[in-house]
Amino acid sequence: MLCLFYRGRNILNWALINDEKSFGITVHYIDEGIDTGDIILQRHYPISDNDDYNTLLEVAHTQCGVILHDALKMILSGKFKPIKQSSIDKYGFYCSQRRNGDEMIKWNQSSREIFNFIRAITHPGPLARAVLNGKEMKIKQAIYHPNAPSYKCINGAVVGLSQNGFWVKCSDKALEIVKFEYDGKIKIGDRFELYN
């Protein structure tokens, strides 16, 4: 999927949630729509599993100025042809604004989906949240283990402890939670509350 079509707000969060492998910065003309004007210049930047909202913001903050400067030079030279967005894709899409409660983890999703969700709203975002033993936990970082075994169990159950944190069963396999804030003890067999 081309990153061009993340229009509107919070696109870095949504690119991570949707497991994109790159994101784009686009300089375009302003027209009557929202992010629908003709493209002057666009560049893509890779997203790895080591990236999160904060690292993508750092790239965006640095590269937005660079690409804007390059686009202005192109405009002044008069030697470029704007690209109509509709010539690439006639639809594009907008992701909705997040609201209170959207930060709650849904343990019935796959480990990859939850991993992406956690890294998409980490600092300086609102942080992913979950409720364990009646207390809210703020989850800052998880590690996705692609070779962990898939098996059936209770989603949201704490199925193991690790040196840095603990493992939680998701719909397919367990996800390792390694950075979090929680005022309580965590033990194997505990179960996070499930949200739909």
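The model shown is predicted, which means the values in this text are computed figures rather than measured ones. Every chain begins its residue count from 1, and numbering advances along the sequence as written. Where totals are concerned, whole chains, interfaces and linings use all residues; where local detail is concerned, this predicted model gives features only for residues with pLDDT of at least 70, and gives and counts side-chain atom pairs only at 80 or more. The basis for every side-chain value is the complete set of heavy atoms in the structure, and neither hydrogens nor water enter the calculation.

Let us look at the environment of G65. Its location among the elements puts G65 in helix α2 (residues 53-77). Residue G65 is classed as partly exposed on the basis of its relative accessible area of 44%. In this structure the C-alpha to C-alpha distance between G65 and K106, which are 41 residues apart in sequence, comes to 37 Å. Here a strand is any run of E in DSSP of at least two residues, a helix any run of H or I of at least four, and the numbering for each starts at the N terminus. With a 1.4 Å probe rolled over the protein chains alone, any residue whose accessible area is under 20% of its type maximum counts as buried; one over 50% counts as exposed, and the rest are partly exposed.

Note on aromatic contacts: the rings of Phe and Tyr and the six-membered ring of Trp form a pair at centre separations within 6.5 Å, being stacked when their planes are under 30 degrees apart, edge-to-face when over 60 apart, and tilted otherwise. Under the counting rule described, the total for this entry stands at 5 aromatic pairs. Their ring planes at 75° and their centres at 5.1 Å tell us that F166 and F180 sit as a pair that is edge-to-face. Of this pair, F166 sits in strand β8 (residues 166-169) while F180 sits in strand β9 (residues 174-181), and the two are 14 residues apart along the sequence. For F166, a relative accessible area of 1% puts it in the buried group. The class of F180 is partly exposed, set by a relative accessible area of 28%. Measuring from centroid to centroid gives 6.1 Å for F166 and F192, while their planes differ by 20°, and the two rings are stacked. Remark: F192 occurs in the segment after β9 and F166 occurs in strand β8; sequence separation between them is 26 residues. Residue F192 is classed as buried on the basis of its relative accessible area of 3%. As a reminder, the over-ring test applies to NZ of lysine and CZ of arginine, requiring each to be within 6 Å of the ring centre and within 35 degrees of the ring normal. Over the aromatic face of Y144 sits the side chain of R112, whose NZ or CZ is 5.0 Å from the ring centroid. Over the ring of Y151 we find K169; its NZ or CZ atom is 5.1 Å from the centre of that ring.

Residue placement: N13 occurs in helix α1 (residues 11-17). Take N13: its relative accessible area is 6%, and that puts it in the buried class. In the analysis that follows, any N or O atom pair within 3.5 Å is treated as a polar contact, provided that within protein one partner can donate a hydrogen and the other can accept it, and provided that, for residues neighboring in sequence, both atoms belong to side chains. A polar atom in the side chain of N13 sits 2.7 Å from the backbone oxygen of A120. A contact between two residues is defined here by any heavy atoms of the two lying within 4.5 Å. The contact partners of N13, leaving out residues within four places of it in the chain, are Y53, A120 and I121.

The amide bond that connects H123 to the next residue, P124, takes the cis arrangement and shows omega of 10°. The phi angle at L127 is positive, at roughly 75°, despite the residue not being glycine. If you trace the backbone, L127 turns up in the loop between α4 (111-120) and β5 (128-132). Its identity is not glycine, yet N133 carries a phi of approximately 55°, on the positive side. For N133, the position within the fold is in the loop between β5 and β6 (135-143).

Once that is clear, we can look at the sheet that holds β8. Think of it this way: DSSP has to see at least two bridges between two strands before they count as a pair. Taken in spatial order, the 5 strands make up an open sheet running β5-β6-β9-β8-β7, and their pairing is antiparallel. Of all the strands in the sheet, the pair left with one neighbour each is β5 and β7 (158-161). Each strand of the sheet is rotated relative to its neighbour by a mean of 45°, with strand direction disregarded. Here β6 pairs with β9 via 5 bridges, running antiparallel. Residue pairing for β9: I143 is matched across the bridge by E176. For helices, the axis comes from a line fit to the C-alpha atoms of the stretch in contact; other axes are also lines fit to C-alpha atoms, and the angle between any two N-to-C directions lies between 0 and 180 degrees.

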